[in-house]
Amino acid sequence: MSGTLRATQTDFRELPPDEHVELGTNATVTLTQGDVELVVAVAADPSTLLALSAAPWEERDTSSEARTLLGIPIEVQLCEVAPSDEDLRRLLEMADRELTHKNKMALQALTLLPLPEATIEAVEHIIRSGLRLVNHMDRSFLLEVAANLPSDPTRDHLRSIASDDTDPHQEIALRSLAEIGDDDAQVIDNLQKMLHGRPQERVFAARNLASQKSIPIDFHAEVSEEDKAAFWIALGAARDGNLQGLTKLLTNVDNVAFHRIERDPINSYSAVRDMRPLPESMQIHLSQLLRNNQLASAVEDFFKRLIKSTKNERALTDGIRHVPHILAEKIRWDLQQVPGLVDLQSFESADGRGWTAMEAMNRAQRGVLLSELLQKCIKLPHKGIALDSVTNLVARWSRYPWYPDLKGLMSASRKTLDSESAWGNREISNQIGWAASRAPIPPLLRLVNERIHRGNLTTPDLDLLVSAIATHWDEDPPPRGVLIQRLPRPIRDKIAIERAEAAPSVRQARAWSSLEIDASGSMPVWFSLGSPAYRRPDPVAAKGPEEQSSHQLIVTLIADGAEVSPKAARKWLPSDGPLEPVEFRLSPSAERISLRFLIYSAESSVLLQELLGFMDLRGDSDET
């Protein structure tokens, strides 16, 4: 068997709906569960393409717990895929220069992403080189963004600054570590002291201690409404098992009183972001309060959001697409042909005719319409009115299913450059960034890279990128005037764990055959990863669970010119050593057989590697 092995990169890329990418050559392509099913369906019955093209923007159902790929059940576990080194190269080049405002934004964006190993080392070098210079003019900024990195050396560097009483930036280091939930003893001790300090310090300490999951905190549950930290102290006490304070504080209040206790909408928003998943006792208690009490609507909404499952938090936007630019332009033209539709007045009231028209639109049309309306909001004469209009529009839009028009949203964000005052621009970009964050991050990164390459990157472009990354896992848009600059704590924790416990990389793929057709008219073909030599495999003893890695693969074989049995097989990838060879049986119907081996991750249905080759039955045995 002869052929060529296509190089497999360690990174994965999204397959945009408007582009054609040849699998396994320039880039490895990531497929969602729904994509895998569609590929298999079309391969089995090409006429399926006609049905799909008739309604290409309808959402595919990927909600059931198990699917089947070529007869093998696959558990649905959708996941986000980290951008590659190439995706991040231009941002890294910007961050490695003098820290102008744009370059600082590029560095901040990098610290928020789950980075490949080479890029994270480069980002660490940039940050720690600046931190070593006590008088560095941007050291405060570097301390704030350094805390985002799930890196032990960088985290230890921040802890050393936080413990140095002579360092002028000690307090900033302590606060940055507290904001990301660092459980260093000195950080916790400092927060405990602040809990008994001035009102502003007390609120900061209570908020960060309430979100601290790894260390029990000695909260005093009895608080009064007048205490500015009452909201967070009651939540922190409930997290640690003392539920009476929260019950007393919030179950017998109306909406006005709740907002007075809440103090600021960012508090309930931050609680939902950073405290989930709740301890079981707290979750059960809140569920009982919802069932057994007539709560104010604001309290009821807050409790429901707080106990909502975060099982698939990394999969929040998996499968959601953005609108390709060519299609967006066509939709934009179509929308403008409808009198009054692309008009803010049509959406001013809750029952405006614009909302009625929305019901009949598909997801792509809604996404393009949003970008058009946001541009009109930003052009309103007063910045405060513009911010209100943008916030209200995005909040209402979040109730509908839609696909982001990324180029249109970036154009809307750039409209802030036309205003005389910079006030409110970042808050507006934060709202638009949440809208952009409903799409996967890599296509937005590619848009930014395109603008860097052309030399026309603007500050709002980077504001949008940072906001989109920071809010990518948030189900709801941020409240008015709030800047979200960090990932939710559960996501930061998960990225750090996944980086520490990364699955073994996919190894070199090989396939071989003896070209011996037996009496049944079939012949064996073997496939393996990391095989030490091309040879007929010896019997391999089955390994116990303790000897297997936690990474399971699905290997499929598609042959042109032969029937294949089985069509696919599941195999565990050992922590070291080769994959146990997979045997397929081919029943040839031609003298030349083209072969495609496809290797998927069983956990996420991601296409990891592809091997192409052919068999010439007229020649001698050869191998790929």
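Not measured: the values here are computed from a predicted model.

(A) Geometry of the overall build of the protein. The helix and strand inventory of the protein stands at 25 helices and 13 strands. Restricting the contact set of the protein to residue pairs at least 6 apart, pairs at least 24 apart contribute 68%. When the accessible surface of the protein is summed, it comes to about 28700 Å², and 50% of that surface belongs to carbon and sulfur atoms.

(B) Just helix H20 (residues 383–397), in detail. Taking 1.5 Å per residue as the helical rise, H20 with its 15 residues ought to reach 21 Å, and the 21 Å between its terminal C-alpha atoms agrees with that figure. Across the 15 residues that make up H20, a large majority, 11, are buried. For H20, every residue scored as buried is listed here: Lys383, Gly384, Ala386, Leu387, Ser389, Val390, Thr391, Leu393, Val394, Arg396 and Trp397. Of the surrounding secondary structure, the elements contacted by the buried residues of H20 are helix H18 (353–358), helix H19 (363–378) and helix H22 (425–436).

(C) Focus on the confidence of the model for the protein. Of all residues in the protein, 74% have pLDDT values of 70 or greater, and the mean over the chain is 76. This stretch, residues 1–34, has a pLDDT under 50; its non-local contacts, to residues over four places away or in other chains, come to 96 contacts. Residue range residues 620–624 is modelled with pLDDT below 50. Its contacts to residues more than four positions away, or to other chains, number 23 contacts.

(D) Broad picture of unusual backbone geometry. Here the amide bond leading from Arg276 into Pro277 is cis, since omega sits at -5°, within 30 degrees of zero. Along the polypeptide, Pro277 turns up in the loop between helix H14 (265–275) and helix H15 (280–292). Backbone torsion omega between Ser565 and Pro566 reads -10°, so that peptide bond is classified as cis. Relative to the elements of secondary structure, Pro566 occurs in the loop between strand E9 (562–565) and strand E10 (568–572). If you check the backbone angles, Arg263 has positive phi at about 75° while not being a glycine. Locating Arg263 in the fold gives a position in the loop between helix H13 (255–262) and H14. For Arg263, a relative accessible area of 39% gives the class partly exposed.

(E) Molecular detail of the packing of helix H23 (residues 441–454) against helix H24 (residues 459–470). Where H23 contacts H24, the two axes come as close as 11 Å, and the packing angle between them is 165°. As far as their axial angle goes, H24 and H23 are roughly antiparallel. The element H23 and its partner H24 pack so that their crossing is left-handed. Across the interface between the two elements, Ile441, Leu444, Leu445, Val448 and Arg451 from H23 touch Asp461, Leu462, Leu464, Leu465, Ala468 and Ile469 from H24. Across the contact of H23 with H24, the residue classes break down as nine nonpolar, no polar and two charged.

(F) The arrangement of the environment of Leu235 in detail. Within the secondary structure layout, Leu235 lies in helix H11 (residues 230–239). Owing to a relative accessible area of 0%, Leu235 belongs among the buried residues under this scheme. Here the alpha-carbon distance between Leu235 and Met282, two residues 47 residues apart in the chain, equals 9.4 Å. Beyond its immediate sequence surroundings of up to four residues, Leu235 is in contact with Leu246, Ala271, Met275, Met282, Phe302 and Leu306.

(G) Spatial organisation of helix H5 (residues 117–131). Over its 15 residues, H5 extends 21 Å from the first C-alpha to the last, a length consistent with the 21 Å expected when each residue adds 1.5 Å. Taken together, the buried positions of H5 are Thr119, Ile120, Val123, Glu124, Ile126, Ile127, Gly130 and Leu131. Mapping the buried residues of H5 onto a view down its axis gives an arc of 165°, with all of them on the same face.

(H) Broad picture of the nonpolar core. In this structure, Leu91, Leu235, Met282 and Trp397 are the most contacted members of the largest nonpolar core, which totals 133 residues. Per-element tally for this core: the top contributor is H19, with eight residues. Those residues in contact with Trp397 that lie beyond four places of it in its chain are Phe347, Trp355, Met358, Arg366, Leu369, Leu370, Leu373 and Trp402. The next biggest cluster of nonpolar side chains, apart from the first, holds 22 residues, and it includes Leu553, Leu557, Leu573 and Val582.

(I) Seen up close, the packing of aromatic side chains. Enumeration according to the criterion identifies 10 aromatic pairs in this entry. Measuring from ring centre to ring centre gives 5.4 Å for Phe231 and Phe302, while their planes differ by 40°; the resulting arrangement is tilted. You can see Phe231 sitting in helix H11 and its partner Phe302 sitting in helix H16 (residues 297–307), a full 71 residues away along the chain. Using a relative accessible area of 1% as the deciding quantity, one classes Phe302 as buried. An aromatic cluster is present here, built from Phe231, Trp232, Phe258, Phe302 and Phe303 joined pairwise through their rings. The cationic tip of Arg175 hangs over the ring face of Phe204; the distance from NZ or CZ to the ring centre is 4.3 Å. Seen from the ring of Trp355, Arg396 lies directly overhead, with NZ or CZ sitting 4.1 Å from the centre.

(J) Representation of the packing of H14 against H16 within the structure. At a closest axis distance of 8 Å, the pairing of H14 and H16 adopts a crossing angle of 20°. Judged by the angle between their axes, H14 and H16 are roughly parallel. The element H14 and its partner H16 pack so that their crossing is right-handed. Contact residues: Ser268, Ala271 and Val272 in H14; Phe302, Arg305 and Leu306 in H16.

(K) Seen up close, the pairing of E9. Burial of E9 is one-sided: the residues Ala562 and Val564 facing one way are buried, the residues Glu563 and Ser565 facing the other way are not. Of the strand pairs in this sheet, E9 and strand E11 (residues 582–588) are connected by four bridges, and their pairing is antiparallel. Bridged to Ser565 within E11 is Arg585.

(L) Structural view of the side chain of Asn425. For Asn425, the location among the structural elements is in helix H22. Its relative accessible area of 13% is what places Asn425 among the buried residues. Of the polar contacts made by the side chain of Asn425, one reaches the backbone oxygen of Thr416; its length is 3.5 Å. For Asn425, the contacting residues outside a window of four places in its chain are Lys383, Thr416 and Ser419.

(M) Seen up close, the pattern of salt bridges. Counted according to the given criterion, the structure contains 26 salt bridges. Among the ionic pairs, Asp182 bridges to Arg159, the shortest N-O distance being 2.5 Å. In this pair, Asp182 is assigned in the loop between helix H8 (170–179) and helix H9 (185–194) and Arg159 in helix H7 (residues 152–162), connecting sequence segments 23 residues apart. The salt bridge involving Glu171 is made with Arg175; its shortest N-O contact spans 3.3 Å. Here Glu171 and its partner Arg175 are both found in helix H8, four residues apart, which amounts to about one turn of the helix. We classify Arg175 as partly exposed; its relative accessible area is 25%. Within this structure, Arg155, Asp156, Arg159 and Asp182 form a network of salt bridges that share partners.

What counts and what doesn't
Residues numbered from 1 in each chain as written. Predicted model: local features only at pLDDT ≥ 70, side-chain atom pairs only at ≥ 80, totals over all residues. Heavy atoms only, no water. Helix = DSSP H or I, 4+ residues; strand = E, 2+ residues; numbered from the N terminus. Contact = heavy atoms within 4.5 Å. Areas by Shrake-Rupley, 256 points an atom, 1.4 Å probe, with all protein chains shown as cover. Expected span 1.5 Å × (residues − 1). Buried < 20%, exposed > 50% of the residue type's maximum accessible area, 1.4 Å probe, protein only. pLDDT = per-residue confidence, 0-100. Axes fitted to C-alpha atoms, helices over the stretch in contact; angles between N-to-C directions. Parallel < 35°, antiparallel > 145°, perpendicular 65-115°, else oblique. Left-handed = near helix turned anticlockwise from the far one by under 90°. Nonpolar A, V, L, I, M, F, W, Y, C, P; charged D, E, K, R; others polar. Arc of directions from axis to C-beta. Core = buried A, V, L, I, M, F, W, Y, C linked by side-chain atoms within 4.5 Å. Phe/Tyr/Trp six-rings, centres within 6.5 Å; stacked < 30°, edge-to-face > 60°. Lys NZ or Arg CZ within 6 Å of the ring centre and 35° of its normal. Pairing = 2+ DSSP bridges. Polar contact = N/O pair within 3.5 Å; in protein donor to acceptor, adjacent residues only side chain to side chain. Salt bridge = Lys/Arg side-chain N within 4 Å of Asp/Glu carboxyl O.

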